[in-house]
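Inside the fold
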Amino acid sequence: MVSFGVLGPVLAGGAGPASPKARTLLAVLLMHGPTPVPVERLLDELWRDDPPAGGVRSMHVHVSRLRRHLRAAGVETRLHTRPGSYELRVGPGELDAERFRSTATAAAARFGRSDLAGAEALATLALRQWRGPALADVASPSIDRVYRPALEELRLSVHELRFACWIGLGRPAAVVEPIAELSAEHPLRERLTGQLMIALTLAGRDRDALVEYERLRTRLRRELGTE
């Protein structure tokens, strides 16, 4: 099965195009799939609403580079030219983000049925799909504003689900460090701090739990003006 990836550097067939613009094209087409993307939209994505003179001609050059990469990966036929648009067809299970979402959904369903061991196993499997920050080597308006934040938010929610499983399975001491690391990266995320406080309390570290509470309270008041 051919693999396409957006949970890390963008991939098609195990590697990404060498050209930055071709990588951006690949990423945008993957994130819009299976919907055809109009040429005007692709111009905006490649040049942020300020395409150069002869922008359509330049875009076709980058499309050709993407085609060469797909040809080398054995999937050139997946890229289709439509009237005024392009479409990249990806089969079921070929995109890592799709596999991640479906496994995360299954983990949440197990958690809802109080199957903590099953939910933890599926959450761990989902997180193994990640190779780094989402869409790590590309940038465009829709990727920066919509797709990357949405993927990262779902990733955080799966981490939180797994932490909840660990706490529920009676392993609070083991979960303190990973929660603390992720909480330090997202200092205003209340659920993470709440989980850290619970884990610390269950591990017999009540004083440390209160310190985390006060830290979050101070941050929220200083950064967001909320109590």
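Figured I'd write up the structure that's included with this text. (Residues numbered from 1 in each chain as written. Predicted model: local features only at pLDDT ≥ 70, side-chain atom pairs only at ≥ 80, totals over all residues. Heavy atoms only, no water.)

A closer look at the overall build of the chain
When helices and strands are counted, the chain shows nine helices and five strands. Each helix and strand of the chain, placed in order from N terminus to C terminus, yields the pattern β-β-α-β-α-α-β-β-α-α-α-α-α-α. Overall, the chain is about 65 × 40 × 25 Å in size when its C-alpha atoms are taken along their principal axes. Put simply, the chain has 227 residues, and 44% of those count as buried. Considering only contacts within the chain whose residues lie at least 6 apart along the sequence, 61% involve residues at least 24 apart. Accessible surface for the chain amounts to roughly 11500 Å². Of this, 54% is attributable to carbon and sulfur atoms. Across the chain, 32 positive and 27 negative side-chain charges occur, with their mean positions spaced 5 Å apart. (Helix = DSSP H or I, 4+ residues; strand = E, 2+ residues; numbered from the N terminus. Buried < 20%, exposed > 50% of the residue type's maximum accessible area, 1.4 Å probe, protein only. Contact = heavy atoms within 4.5 Å. Areas by Shrake-Rupley, 256 points an atom, 1.4 Å probe, with all protein chains shown as cover. Lys, Arg positive; Asp, Glu negative; His and termini not counted. Charge placed at Lys NZ, Arg CZ, Asp CG, Glu CD.)

Quick notes on the sheet that holds strand β5 (residues 85–88)
Within the open sheet, the three strands sit side by side as β3-β5-β4. Their pairing is antiparallel. The open sheet has two free edges, formed respectively by β3 (37–38) and β4 (79–82), since each of these has just one partner strand. Relative to β5, β3 runs antiparallel, the two sharing two bridges. Paired with Pro 38 across the strands is Ser 85, a residue of β5. (Pairing = 2+ DSSP bridges.)

Some details on the packing of helix α1 (residues 20–32) against helix α3 (residues 55–72)
It is the contact of α1 with α3, at a shortest axis distance of 8 Å, that shows an interaxial angle of 80 degrees. Viewed along their axes, α1 and α3 adopt a mutual orientation that is roughly perpendicular. Two secondary-structure elements touch here, α1 through Lys 21, Ala 22, Leu 25, Leu 26 and Leu 29 and α3 through Met 59, His 62, Val 63, Arg 65 and Leu 66. Taken together, the residues that form the contact of α1 with α3 break down as seven nonpolar, one polar and two charged. (Axes fitted to C-alpha atoms, helices over the stretch in contact; angles between N-to-C directions. Parallel < 35°, antiparallel > 145°, perpendicular 65-115°, else oblique. Nonpolar A, V, L, I, M, F, W, Y, C, P; charged D, E, K, R; others polar.)

Some points on the pattern of salt bridges
The final tally for this structure, using the stated rule, is 18 salt bridges. A salt bridge links Arg 189 to Glu 153; the nearest nitrogen and oxygen atoms lie 2.9 Å apart. With Arg 189 in the loop between α7 (172–185) and α8 (190–202) and Glu 153 in helix α6 (residues 141–168), the pair connects residues that are 36 residues apart, well separated along the chain. Under the relative-accessibility criterion, Glu 153 is labelled partly exposed at 40%. For Arg 222, the salt bridge identified is with Glu 223, shortest N-O distance 3.5 Å. Look at Arg 222 and you get exposed, because its relative accessible area is 57%. Sharing partners across several salt bridges, the network here consists of Glu 153, Glu 160, Arg 189 and Arg 191. (Salt bridge = Lys/Arg side-chain N within 4 Å of Asp/Glu carboxyl O.)

Comments concerning α6
Counted at 1.5 Å a residue, the expected span for α6 with its 28 residues is 40 Å, and the 40 Å between its end C-alpha atoms agrees. Gly 170 lies just past α6 and shows a positive phi near 85 degrees. (Expected span 1.5 Å × (residues − 1).)

A look at the side chain of Ser 19
In this fold, Ser 19 is placed in the loop between β2 (11–12) and α1. Overall, the relative accessible area of 13% leaves Ser 19 in the buried class. What Ser 19 contacts, discounting residues up to four positions off in sequence, is His 62 and Arg 65.

Description of the nonpolar core
Formed by 47 residues in total, the largest nonpolar core has its most connected members in Val 6, Met 59, Leu 135 and Leu 151. Elements represented by at least two residues in this core include exactly α1, α2 (39–47), α3, β5, α4 (96–112), α5 (116–127) and α6. Apart from residues lying up to four places away in sequence, Met 59 is in contact with Leu 25, Val 39, Leu 42, Leu 43, Leu 46, Trp 47 and Tyr 86. Core analysis: the next-biggest nonpolar cluster, separate from the first, contains 13 residues, Ile 167, Val 175, Ile 179 and Leu 192 among them. (Core = buried A, V, L, I, M, F, W, Y, C linked by side-chain atoms within 4.5 Å.)

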